[in-house]
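Each chain, written out:
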Amino acid sequence: MTAPWGHLARYNRLANETLYEACARLSDEERRRDLGAFFRSVHGTLNHLLLGDRIWMTRFEGGSHPSTDLGGMLHDDFVELRAARVVMDSRIERFFADLPRGFAAGTIRYLNNSGFTSEDPLDVLLPHFFNHQTHHRAQIHTLLSQLGQDPPVLDLHRVLRPNPA
């Protein structure tokens, strides 16, 4: 059961590296421009994605994360945000490379961001975790197009196998 999660963790890292490379070509003003996305801008959406990953990874690792503003700014500086993303992606890959036996069959009890206690099965939360990342990368992909940039290819099979034989 570890294999699909390990592949998704690797894809997550590679897709984020590709996406951040594209975002680095934007000016700071462009990255922060409010384009009407749920988290307003490229920078806001990148911050949200990092925050969401921090919350879920803390829960997956057995900790608790305080309820927080999901639009909160973790890193105002793009270089710092990118460095934190690299650290998080490494954490995600290490965790999913060696999942404890039976982990995906368990549940997690946590305080959600609305202040309610929830308990959900990991066979729902793990796909949610990776789907959430893809969902917000797709938003950034669209924002890059709106800013006149060519968004990168983020298809899972082309990110994992860019030059198939």
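Fair warning: this is a prediction, and the values are worked out from it, not measured in the lab.

(A) Inspection of the pattern of salt bridges at higher detail. All chains considered together, the criterion is met by 12 salt bridges. Across the pair Glu-21 and Arg-82 runs a salt bridge whose closest N-O atoms are separated by 2.9 Å. Here Glu-21, found in helix H1 (residues 2–24), pairs with Arg-82, found in helix H4 (residues 78–97); they are 61 residues apart in sequence, far enough to count as distant. Judged by its relative accessible area of 27%, Arg-82 is partly exposed. Look at the salt bridges and you will find they share partners, linking Asp-28, Arg-31, Arg-32 and Asp-76 into a network.

(B) Fine view of the packing of aromatic side chains. For the structure on display, the rule yields 14 aromatic pairs. Centroid distance Phe-60 to Phe-103: 6.4 Å. Interplanar angle 90°. Geometry classified as edge-to-face. Of this pair, Phe-60 sits in helix H3 (residues 42–60) while Phe-103 sits in the loop between H4 and strand S1 (107–111); the two residues are 43 residues apart in sequence, bridging distant segments of the chain. Overall, Phe-103 belongs to the buried group, its relative accessible area being 14%. One aromatic cluster is present, formed by Trp-5, Trp-56, Phe-60, Phe-95, Phe-96, Phe-103, Tyr-110, Phe-129 and Phe-130 through successive ring pairs.

(C) Structural view of H4. Along its 20 residues, H4 runs 28 Å from first to last C-alpha, staying within 8% of the 28 Å computed at 1.5 Å per residue. Along H4, the residues that are buried comprise Phe-78, Leu-81, Ala-84, Arg-85, Met-88, Asp-89, Ile-92, Phe-95 and Phe-96. Projection of H4 onto a plane perpendicular to its axis shows the buried side chains occupying an angular sector of 145°, all on one side. Looking at H4, the residues exposed on the side facing more than 90 degrees away from the buried face are Val-79, Val-86, Val-87, Arg-94 and Ala-97. At the N-terminal boundary of H4, the capping side chain belongs to Asp-77, with an oxygen 3.1 Å from the backbone nitrogen of Val-79.

(D) Structural detail: the layout of surface pockets. The computed volume of the largest pocket comes to approximately 170 Å³. Counting only elements with at least two residues in the lining of the largest pocket, the list comes to H3 and helix H5 (122–146). Among the elements that take part in the lining of the largest pocket, H3 stands out by supplying five residues, more than any other. Residues of the lining of the largest pocket, tallied by class, amount to four nonpolar, six polar and one charged.

(E) Representation of the side chain of Asn-112 in the model. Structurally, Asn-112 can be placed in the loop between S1 and strand S2 (117–121). Under the relative-accessibility criterion, Asn-112 is labelled buried at 19%.

(F) Spatial organisation of the nonpolar core. The biggest cluster of nonpolar side chains holds 41 residues, and the ones touching the most others in it are Leu-46, Phe-60 and Phe-96. Breaking this core down by element, the ones donating at least two residues are H1, H3, H4, S1, H5 and helix H6 (156–160). Per-element tally for this core: the top contributor is H1, with nine residues.

About the criteria used
Residues numbered from 1 in each chain as written. Predicted model: local features only at pLDDT ≥ 70, side-chain atom pairs only at ≥ 80, totals over all residues. Heavy atoms only, no water. Salt bridge = Lys/Arg side-chain N within 4 Å of Asp/Glu carboxyl O. Helix = DSSP H or I, 4+ residues; strand = E, 2+ residues; numbered from the N terminus. Buried < 20%, exposed > 50% of the residue type's maximum accessible area, 1.4 Å probe, protein only. Phe/Tyr/Trp six-rings, centres within 6.5 Å; stacked < 30°, edge-to-face > 60°. Expected span 1.5 Å × (residues − 1). Arc of directions from axis to C-beta. Polar contact = N/O pair within 3.5 Å; in protein donor to acceptor, adjacent residues only side chain to side chain. 1 Å grid on protein atoms, 1.4 Å probe; cavity = no way out; pocket = protein on both sides within 12 Å on 5 of 7 lines; lining within 4 Å. Points joined across faces, edges and corners; volume = space filled by probe spheres on them. Nonpolar A, V, L, I, M, F, W, Y, C, P; charged D, E, K, R; others polar. Core = buried A, V, L, I, M, F, W, Y, C linked by side-chain atoms within 4.5 Å.

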